[in-house]
Amino acid sequence: MFDFIKNIKISTKLLWISIVSVVGLMLLSGISINSSLTGSKALETIYEKNVVPEAEINHAREQFDKILNDLIHVTSEFLPTGQARDRIYILKKDLDTFFQKAQKSDFFDDPYLKKSLDEAYKRYKKDISPMFDVIHAAYVKDDPIEIGDIAIDIEEASHYISKRFVNMSKFTNKRIKKISEDIRETLNLNYNLNIIVSIII
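A quick note: this is a predicted structure, and the numbers were derived from the prediction, not measured.

Below, the discussion takes up the packing of aromatic side chains. If you walk through the whole model with that rule in mind, you get ten aromatic pairs. Where F98 meets F108, the ring centres are 6.5 Å apart and the plane angle is 85°; that geometry is what we call edge-to-face. Taken together, the positions of F98 in helix α3 (residues 81-104) and F108 in the loop between α3 and α4 (111-128) put the pair ten residues apart, joining distant regions of the chain. A residue is classified by how much of its surface remains accessible, and F108, at 7% relative accessible area, is buried. Taking 5.1 Å as the distance between ring centres and 25° as the angle between the ring planes, the aromatic pair formed by Y112 and F171 counts as stacked. Placement of Y112 in helix α4 and of F171 in helix α6 (residues 144-200) is noted, with a sequence separation of 59 residues between them. On the basis of relative accessibility, which here comes to 23%, the residue F171 falls in the partly exposed class. Three or more aromatic residues link up through ring pairs in this structure, and these residues are F64, F98, F99, F107, F108, Y121, Y124, F132 and F165. The cationic tip of R164 hangs over the ring face of Y160; the distance from NZ or CZ to the ring centre is 3.7 Å.

So, in structure tokens, the structure goes:
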């Protein structure tokens with residue numbers, strides 16, 4: 001066996017070394033390209049398809065919670081009535097925009113998210129949306145008793161809807177963590193392959 005290796009011409013040995021090196025470099029390039037594509041896909045999958053929608057959900061929840069909180073704070077005199085009056089329709093606009101956009105987004109195709117969204121929207125349209133004019137009128141009158149009564153009237157529906165926003169946010173957050181872990185495993189695998197191929201060549 002050793003005699004056979006000794007009898008191989010130097011040029012042949014060099015040829016084989018070159019072939020192994022080229023193949024190794026091709027493997028390294030392929031792994032590097034795959035890592036780059038994984039990184040690009042990760043940015044789109046995590047940020048554009050999950051982080052952005054989660055931020056929109058959280059913003060909608062914050063805006064929604066202000067409806068009941070403003071009623072309570074005005075009644076308790078912690079918030080000027082005029083400030084609550086001036087932003088009530090802004091809150092309505094933001095929430096209407098969120099629900100319209102969410103219903104068209106494939107982000108909510110997941111059964112759990114879709115169920116939470118549908119439940120929140122149906123209750124919003126039934127119990128909250130019709131109250132915006134009533135709330136605004138109460139703020140214009142600046143009648144603490146009437147404002148307090150409205151807060152009591154919408155309290156149960158508000159908690160129900162807010163809980164659905166929380167459910168959507170928690171679900172999305174868990175999904176982001178799972179995707180991050182999967183991507184990290186893929187990148188670690190590519191890194192280890194890079195090391196192995198580098199040692200071989």
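From this point, the narrative continues.
With that out of the way, let us pick up the side chain of T172. Following the sequence through the fold, T172 ends up in helix α6. Among residues more than four places away in sequence, those in contact with T172 are N50, E54, I57, F107 and L113.

This part takes up the pattern of salt bridges. Inspection of the entire model under this criterion finds twelve salt bridges. Linking D70 and R87 is a salt bridge whose minimum nitrogen-to-oxygen distance equals 2.7 Å. Of this pair, D70 sits in helix α2 (residues 10-75) while R87 sits in helix α3, and the two are 17 residues apart along the sequence. By relative accessible area, R87 is classed as partly exposed at 22%. One connected set of salt bridges, linked through shared partners, spans R123, K126, D127 and E156.

Their axes nearest at 11 Å, the elements α3 and α4 cross at an angle of 140°. Classed by the angle they form, the pair α3 and α4 counts as oblique. Seen along the crossing, α3 lies across α4 with a hand that is left-handed. Across the interface between the two elements, K92, L95, D96, F98, F99, A102 and Q103 from α3 touch L117, A120, Y121 and Y124 from α4. Per-class residue counts for the contact of α3 with α4 are eight nonpolar, one polar and two charged.

What follows is about the environment of Y112. Taking relative accessible area as the criterion, Y112 reaches 38% and is therefore assigned partly exposed. C-alpha separation for the pair Y112 and F171, spaced 59 residues apart in sequence, amounts to 8.3 Å. Setting aside anything within four residues of it in sequence, one finds Y112 in contact with N167 and F171.

Attention now moves to α4. The end-to-end C-alpha distance of α4, which contains 18 residues, comes to 24 Å, matching closely the 26 Å that a straight helix rising 1.5 Å per residue would cover. All of the buried residues along α4 are L113, S116, L117, A120, R123, Y124, D127 and I128. Down the axis of α4, the smallest arc covering the buried residues is 140°, so these residues share one side. Away from the buried face of α4 by more than 90 degrees, exposed residues P111, K115, K122 and K126 are located. Looking at where α4 begins, the residue whose side-chain oxygen comes 2.9 Å from the main-chain nitrogen of Y112 is D110.

Definitions and limits used
Residues numbered from 1 in each chain as written. Predicted model: local features only at pLDDT ≥ 70, side-chain atom pairs only at ≥ 80, totals over all residues. Heavy atoms only, no water. Phe/Tyr/Trp six-rings, centres within 6.5 Å; stacked < 30°, edge-to-face > 60°. Helix = DSSP H or I, 4+ residues; strand = E, 2+ residues; numbered from the N terminus. Buried < 20%, exposed > 50% of the residue type's maximum accessible area, 1.4 Å probe, protein only. Lys NZ or Arg CZ within 6 Å of the ring centre and 35° of its normal. Contact = heavy atoms within 4.5 Å. Salt bridge = Lys/Arg side-chain N within 4 Å of Asp/Glu carboxyl O. Axes fitted to C-alpha atoms, helices over the stretch in contact; angles between N-to-C directions. Parallel < 35°, antiparallel > 145°, perpendicular 65-115°, else oblique. Left-handed = near helix turned anticlockwise from the far one by under 90°. Nonpolar A, V, L, I, M, F, W, Y, C, P; charged D, E, K, R; others polar. Expected span 1.5 Å × (residues − 1). Arc of directions from axis to C-beta. Polar contact = N/O pair within 3.5 Å; in protein donor to acceptor, adjacent residues only side chain to side chain.

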